Amino acid sequence: MYVFGKISVKPKLPERIAGLSTLAENLWWSWNTYSLRLYDYISSDLFTKSNKNPIKFLSSINQKRLLEVAQDEEFLKDYDLVMDHFNGYLNNKDTYFSRTYSKYKDCKIAYFSAEYGIDETLPIYAGGLGILSGDHCKSASDLGIPFYPVGLLYKDGYFNQLINKDGGETFEYSRVNLDELPILPVTNEDGSDLIVSVALPGRVVYLKVWKINVGRIALYLMDSDIDTNSERDRGLTLKLYGGDQEMRISQEIILGIGGMRVLEALGINPTIFHMNEGHSSFVVFEVIKKLMQQYDIPFKVAKEMASSRTIFTTHTPVPAGNDIFPLDLMDRYFAQYSQELGISRTDFLIMGSRDNNIPVNGFDMAVLALKVAGKKNGVSKLHGEVSKRLFSNIWPNTSLGEVPIDYVTNGVHTCTWLAPNLKELYNAYMRPFWQERVHEKDTWNDIDNIPDEELWSVHQSQKTKLINAARENIRAQRIRNGESIEEINEVDNLLDPKALTIGFARRFATYKRACLIFKDIERITQIVNNPNRPVQIIFAGKPHPADVQGQDLVKEIYKYSRMPQFKNKIVILENYNMHIARYLVSGVDVWLNNPRRPLEASGTSGEKAGLNGVINFSILDGWWYEGFEKDKNGWAIGDDTEYTNYELQDNADSKSIYSCLENEIIPLYYSKDTKGISKEWIKMMKNSIKSVGSGYNTDRMLCDYLEKLYVPQLKLVDGKYSDKSSIEEFTAWKNTMYEQWHNVAISSPTISDELAINAGEKITLSCKVSLGQIDPNSVMCEVFYGKFQNDEKLVGTTCVKMNLSNDFKDGTYEYSTQIDLDNGGNYGYTFRVLPCHEMLINSQDMSLVKWIEN
């Protein structure tokens, strides 16, 4: 039949309950899930069929039913309560940010990320990076931070993973229906769509702007799939992490440069630009370009000014995790742009080169961000140390510990990832409004008020929900794969609610070592098949379609799951996403994480699990390196040894897994009283909730970002970094230091007393420093001292600033200081000089340092 046209019919909400539409269009409901009971009350069956998506639900509900509930007193009482909470939240001006940082109430923090995992209804995320971005947005809203996130609208989203009969995978994309999503077009004053553009080789690409309300903030997304563009360019924003390098560089130009133009078109003038991973690093060029125009300054001066306005967060612990574009590709896409910046091709390409003198090995997006951003951070304490090593060659003369990369440990958004049943339990026993104070440690001590029996009962109900969801997942898989009726019916016996249940859910990158627990197949067979103390393991994970090794891991685990000895005890779920993750992190008993140390940047899934009372069993990597409390809140696999031999590492870690399961975890779980409860297990559950809940939430994370990164940068922008003459003088000073530094030398160290002294006595150290034409006020002289280890290496070194004590009037100066040596032993000391200026954001930014020579 020929269809001439279509008519879109939407039910009209009665005025009395018109707020249901406003509520549906704000993802506030995604972490205030009690509000969804309004839609469930109207029609539970339809709401379930709508995948609990309020927008989709409202587009399908019967008009008559809406009129009925608009006169239903029970419904209206609940409706008024929810709407009061919703509107009170939106209109509340007394927020953490307004109370703590009122001086910066007019600032604007722009945030750029390639993906956002806010809710499963919006498939514009792939994994941990996107989930972190979504949680970042929600906590920014909760804390009242003036936050402006920008990204891309992927209408095909990320792929759906289907596992076939032999464990192989099929990857499917499905186009989202924007009419069924909480997403709104951004319009101009005349009602027309807001469109921005970016230049790509030989053409201009136009981008429609969309908005998603996330509590108090708006997430802006760019969409190239509009009629104005060619068919090729319409596809640029369709898929997340799809296509070749041409596609990737185009997407990243759109994200960074296009994202900046979206904010400009909206009249938003950000004070700070935060790049979440290197995908958006091209924004630094647009920031520099705008400053050049605004202040009428050259590139070098504008780059210095841009440093005070930019922040970069790196999430990868390996070089291969960064986007690196070939130089000829950069030439094609940026030849004109570099001319607009007034710099040479070489100088432009060096911005993305690890070599500071010549462009080599491609254009590294992380390096670009690191060279410009005034503040940069890893996402856990250990990852900060790993990042210093990984990027140390950008600051070649800097000691490893002083590489200017800080860290802020990732967290999770508490109310998003806490299961609704547990949230209700916590509400009953924790202090009023505890959800607004999750970043305060004392809040979580209230967990001890929860009776053990109630916590265990809710946990068991979550486990039952997980097992039912797992069975549905496997049943659909087997039906689709044409398996026998017997094999399909077996699903009813899959997994045991009373058995110790271990969860492993990850992006199946090889360093995650998904198959490590099968290293000794006989031993793990014995562990899971003990009839008195059964153990079962649920796996889930999505490797990228181009990751063949990751797909092999899925196939291998699938093979194990179908072995007779593992029947009904080992399962692998398909299409791991936020929906499945919610069941897993709240329904298993133990969360297994065994990455190859130190390759886990943070690993927030264990934080989600710990928040729900699931106990972590993990390698001491990422956040667990900080979060683990021995004998209190979980178990460590192995120790902090870093191996160079992978086979040796795998053997050691797998043996640690088996030993801990056999001797600690399983006995503790099954040491149950007559009520079927292990008091010691529940004690560890509560310790897990308290330690993870207080220390590893995104409210705490955002407080750290404010204190360590955002506010220090805001202070710079508020001061001399917005003064043209100051920044020009600073740039000239830096040029002088670079030109004259070769003249700096340290000589003639002297000591005031005998080399042998008594512990507790002071000793005076001094040295002569030749500075040539450099002003002594432009340098800082320091002494490092510490105990000798094996008569070679200094350990436990202390750095002390030295004072200018003599001017020899020939460009040579003497610096001196006194130090205390309280403990006996053999000590060594050395001297260094480095630039010093009040406008240096980090003391090592210039990578200029001179040590005393032999």
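Our structure's up above, just so we're on the same page.
Read on for an overview of the structure. Since the structure is predicted, the reported quantities are computational estimates derived from the model, not experimental observations.

Looking only at helices and strands, one finds 29 helices and 28 strands in the protein chain. On C-alpha atoms alone, the protein chain measures out to a radius of gyration of 29 Å, which is about the 29 Å that the 2.2 N^0.38 rule sets for 854 residues. Referenced to the eigenvectors of the C-alpha coordinate spread, the extents of the protein chain come out at roughly 95 × 70 × 50 Å. A burial count over the protein chain gives 57% of its 854 residues as buried.

This part covers the environment of A428. In this structure, A428 sits in helix 18 (residues 420-429). A428 sits in the exposed class, given a relative accessible area of 55%. Measuring from C-alpha to C-alpha, the distance between A428 and G824 comes to 58 Å, with 396 residues separating the pair along the chain.

Residue placement: T414 occurs in helix 17 (residues 414-417). Contact partners of T414, with chain neighbours within four places excluded, come to W434, V438, W444, L611 and N697.

This paragraph deals with the nonpolar core. Of all hydrophobic cores here, the largest spans 176 residues; its most connected members are I17, F282 and F334. Considering every element that reaches this core, the biggest residue donor is helix 28 (residues 698-717), with 10 residues. Listed in part, the 88 residues of the second largest apolar core include F518, I557, Y560 and W681.

Take the layout of surface pockets next. Taking a probe equal in size to a water molecule and rolling it over the atoms shows the remaining empty space. Size it by volume and the second largest pocket reaches roughly 920 Å³. Residue lining of the second largest pocket: 31 residues in total, with K303, E304, K371, K734 and Y738 positioned closest to the centre. Elements supplying a minimum of two residues to the lining of the second largest pocket: helix 12 (299-307), helix 14 (345-350), helix 15 (365-372) and helix 29 (724-740). Class assignment for the residues of the lining of the second largest pocket results in 16 nonpolar, seven polar and eight charged.

Overall, the coordinates contain three cavities of 30 Å³ or more when judged by the stated rule. Estimates place the volume of the largest cavity at around 70 Å³. As for the largest cavity, its lining consists of A114, L152, Y154, Y241, R248, Q251, E252, L255 and H279. In terms of residue count, helix 10 (residues 245-265) provides more of the lining of the largest cavity than any other element does, four residues in total.

Neither face of strand 10 (residues 310-313) is open: one carries T310 and F312, the other I311 and T313, and all of them are buried. Bridge count between strand 9 (residues 272-276) and strand 10: four bridges; the pairing is parallel. Residue M275 lies in a different strand from strand 10, and its bridge partner there is F312. Here strand 10 pairs with strand 13 (residues 375-378) via three bridges, running parallel. When the bridges of strand 13 are listed, F312 appears paired with K376.

Glancing now at the packing of aromatic side chains. The full count for this structure, using the stated rule, is 45 aromatic pairs. Summarising the aromatic geometry, the rings of W624 and F628 are spaced 5.4 Å apart at their centres and angled 50° between planes, so their arrangement reads as tilted. In textbook terms, an aromatic cluster arises when at least three aromatic residues are bridged by ring pairs, as seen for F282, F285, F334, Y337, F348 and F363. A cation over an aromatic ring shows up here: R506 above the ring of F504, its NZ or CZ 5.8 Å from the ring centre. Note that R596 overlies the ring of Y646, its terminal NZ or CZ placed 3.9 Å from the centroid.

A separate point is the packing of helix 18 against helix 19 (residues 452-480). Taken N-terminus to C-terminus, the directions of helix 18 and helix 19 make an angle of 165°; their axes are 10 Å apart at the nearest point. One element, helix 18, and the other, helix 19, form an angle in the roughly antiparallel class. Our pair here, helix 18 against helix 19, has a crossing hand that is right-handed. Residues N421, L422, L425 and Y429 of helix 18 form the contact with helix 19, whose own contacting residues are E454, L455, V458, S461, Q462 and K465. Its residues assigned to classes, the contact of helix 18 with helix 19 comprises five nonpolar, three polar and two charged.

Below, the discussion takes up the pattern of salt bridges. Per the counting criterion, the structure on display carries 57 salt bridges. Here R345 and D331 are joined by a salt bridge, their closest N and O atoms 2.9 Å apart. Residue R345 is located in helix 14, and its partner D331 is located in helix 13 (residues 327-340); the two are separated by 14 residues in the primary sequence. You can call R345 partly exposed: its relative accessible area is 44%. On the accessibility criterion, D331 (26% relative accessible area) is partly exposed. K519 is the salt-bridge partner of E647, the closest N and O atoms lying 2.9 Å from each other. Highlighted residues: E647 in helix 26 (residues 646-669) and K519 in the loop between strand 15 (500-506) and helix 21 (521-528), separated in sequence by 128 residues. One salt-bridge network, in which partners are shared between bridges, spans K155, D156, R175, D223, D225, D227, R234 and K239.

The rules behind each value
Within each chain, residues carry numbers counting from 1 in the order of the written sequence. Whole-chain, interface and lining totals are the exception, using all residues; otherwise, since this is a predicted model, local features are given only for residues with pLDDT of at least 70 and side-chain atom pairs are given and counted only at 80 or more. Only hydrogens and water are set aside when side-chain values are computed; all heavy atoms of the structure are taken into account. Where helices and strands are cited, they refer to DSSP runs of H or I of at least four residues and of E of at least two residues respectively, numbered from the N terminus. This radius of gyration counts C-alpha atoms alone. The globule rule is 2.2 Å times how many residues there are, raised to the power 0.38. For each residue, the accessible area found with a 1.4 Å probe, counting protein chains only, is set against the maximum for its type, and the residue is called buried under 20%, exposed over 50%, and partly exposed in between. Any two residues whose heavy atoms approach within 4.5 Å are treated as being in contact. Residues enter a nonpolar core if they are buried and are Ala, Val, Leu, Ile, Met, Phe, Trp, Tyr or Cys, with the set joined through side-chain atoms within 4.5 Å. Here a cavity denotes a set of grid points, spaced 1 Å apart and computed over the protein atoms alone, in which a 1.4 Å probe fits but from which it cannot get out, and a pocket denotes an open set meeting protein on both sides within 12 Å along at least five of seven lines; residues with an atom within 4 Å of a point are reported as lining. Grid points are joined across faces, edges and corners, and a volume is the space filled by probe spheres set on the points. Note on residue classes: Ala, Val, Leu, Ile, Met, Phe, Trp, Tyr, Cys and Pro are nonpolar, Asp, Glu, Lys and Arg are charged, and everything else, Gly too, is polar. Whether two strands pair depends on DSSP finding at least two bridges between them. Planes of paired rings set the category: under 30 degrees apart is stacked, over 60 is edge-to-face and the rest tilted, where pairs are Phe, Tyr or Trp rings (Trp by its six-membered ring) whose centres lie within 6.5 Å. Any Lys NZ or Arg CZ that is within 6 Å of a ring centre and within 35 degrees of that ring's normal is treated as a charge sitting over the ring. In this analysis an axis means a line fitted to C-alpha atoms, helices contributing only their contacting stretch, and an angle means the value between N-to-C directions, from 0 to 180 degrees. Roughly parallel here means an angle under 35 degrees, roughly antiparallel means over 145, roughly perpendicular means 65 to 115, and every remaining angle is called oblique. If you view the pair so one helix is near and one far, a crossing is left-handed when the near helix is turned anticlockwise from the far one by less than a right angle, and right-handed when it is turned clockwise. Any Lys or Arg side-chain nitrogen found within 4 Å of a carboxyl oxygen on Asp or Glu counts as a salt bridge.

Shape is all these values report; function is a separate question.
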